[in-house]
Each structure stands twice: as C-alpha cells, then as structure tokens.
Amino acid sequence: MSVKSGFFNSKNGDRQYDSTDISSIFDGIINDGVFESYGDAFQVTPGTGMSVVVGKGRAWLDHTWTLNDAPLMLEIEAASTSGGRLDTVVLDVDRRKDVRNNSIYILKGTTVQETTGVPMDATELTQTDDRVQYPIAYVYVKKSATSITASDIDYWVGKSVVGQKTLKYV
C-alpha cells in the first residue's frame, strides 16, 4: 500500500471516498468489539414465552458501527417435540452490495435427538470477506419447551474461540 491522505474537496469528481476510507480514520483509535460501558453491552435475557431480549449496546466491527438503543425482543422458533437445538443470537455485519447493513437476529440451530452425554453443536456462523456473523449468545431450546429461562442462555460477548471471530469488550 502507498501513502494515502484525505479528505479533500472534489474538483470535477477527482476525489471519491467510500465508507471504508472514512471509517479507517478510526483505526488505532477504536478497536473492534462491543463497548462495555454503553447500555447493557447486548446482554441477552429471557423474554416472555419463547423469546429473548437483547439489551442496549453499541459495537464497532469491520469498519462499521452498530447501535441498539432500546431492548430488542427476538422470537425463538417453537421447540420440537423430538429433540432440542442450540440457536444463536448473532450480530451480522453484512457488507454485500445488495445488503450493506448490520443486524441482530436469531440463527436457528438444527434439532437433534437428546441423548445424555452428546453435546449439541451450534450452527456454523458465516465468516467471509464480505459477511461476518458474531455470536452474542447461544440459546438452548429444550425439547417441547414453552419458554426460555436464564439458564438456557449462554452470553458470549467477551469470550473467544480459536478460529472463530467473536465479540470482545472494548
């Protein structure tokens, strides 16, 4: 890479900047992660019935920002009568040209027969050059469950896993 500078007024369209140019001025000043001092840092708690609530939070990830300035209720798909599953509350940074948005939602896991001693794996998260899903929390949806409890939620902000992009506190 060569020396870059900016920002200068354009003359006849000779200066064109994109969001990465503008966001990159924060490199070295703001680190990627969830701001621990803002709101609830996206803390996930049980809602009513089959729902969870994502608390207020702010994050800076991949040269983009995300702000959740009010509790966000997310519905969990109905539990199966044949087995449990592990759903993921994700913060999705999607830079694809047809999307260009960050969002928070539930990524449904795969239902598996519950057998003692067999761990349930989470659905694999997307981690490509133009899209990264970060786990905020994992929600265990028990067989035939009619509600989500605090013990069903595993909050993952601040945890790390080798080979997976995770949300750290900043």
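See above for the structure.
Residues numbered from 1 in each chain as written. Predicted model: local features only at pLDDT ≥ 70, side-chain atom pairs only at ≥ 80, totals over all residues. Heavy atoms only, no water.

## A look at the pattern of salt bridges
Okay, so step 1: Under the defined criterion, the tally for this structure stands at 8 salt bridges.
Okay, so step 2: Residue D14 pairs with R15 through a salt bridge whose shortest N-O separation is 3.6 Å.
Okay, so step 3: By relative accessible area, R15 is classed as partly exposed at 39%.
Okay, so step 4: With a shortest N-O distance of 2.8 Å, D154 and K159 are connected by a salt bridge.
Okay, so step 5: For D154, a relative accessible area of 33% corresponds to the partly exposed category.
Okay, so step 6: Overall, K159 belongs to the partly exposed group, its relative accessible area being 35%. (Salt bridge = Lys/Arg side-chain N within 4 Å of Asp/Glu carboxyl O. Buried < 20%, exposed > 50% of the residue type's maximum accessible area, 1.4 Å probe, protein only.)

## A word on unusual backbone geometry
Okay, so step 1: In the Ramachandran plot, F42 falls in the positive-phi region, its phi being about 65° despite a non-glycine side chain.
Okay, so step 2: Secondary-structure assignment places F42 in the loop between β1 (33–34) and β2 (44–46).
Okay, so step 3: Positive phi outside glycine occurs at H63, with the angle close to 65°.
Okay, so step 4: Assignment of secondary structure puts H63 in the loop between β4 (57–61) and β5 (64–68). (Helix = DSSP H or I, 4+ residues; strand = E, 2+ residues; numbered from the N terminus.)

## Side note on the sheet that holds β4
Okay, so step 1: Taken together, 3 strands build an open sheet; the order of strands is β1-β4-β5 and the sheet is antiparallel. What marks the edges here is a single partner per strand, and that holds for β1 and β5. (Pairing = 2+ DSSP bridges.)

## Section: the side chain of R85
Okay, so step 1: Mapped onto the secondary structure, R85 falls in strand β7 (residues 85–94).
Okay, so step 2: Exposure remark for R85: the relative accessible area of 1% places this residue in the buried category.
Okay, so step 3: Within polar-contact distance, the side chain of R85 engages the backbone oxygen of A78 at 3.1 Å. (Polar contact = N/O pair within 3.5 Å; in protein donor to acceptor, adjacent residues only side chain to side chain.)

## Brief notes about the environment of A145
Okay, so step 1: Structurally, the position occupied by A145 is in the loop between β9 (131–141) and β10 (153–155).
Okay, so step 2: Sequence-wise, A145 and A78 are 67 residues apart; in three dimensions their C-alpha atoms are separated by 7.8 Å.
Okay, so step 3: For A145, the contacting residues outside a window of four places in its chain are M50 and A79. (Contact = heavy atoms within 4.5 Å.)

## Focus: the nonpolar core
Okay, so step 1: Counting residues in each nonpolar core, the largest one holds 29 residues, and the members touching the most others are V52, V89, L91 and I136.
Okay, so step 2: Residue assignment for this core shows that the elements contributing at least two residues are β3 (51–54), β4, β7, β8 (101–107), β9 and β10.
Okay, so step 3: Here this core gets 6 residues from one element, more than from any other, and that element is β9.
Okay, so step 4: Residues contacting L91, with those up to four places away along its chain left out, are F42, A59, L61, T66, S103, I104, V132, Q133, Y134 and I136.
Okay, so step 5: Listed in part, the 6 residues of the second largest apolar core include L107, L125, Y138 and W156. (Core = buried A, V, L, I, M, F, W, Y, C linked by side-chain atoms within 4.5 Å.)

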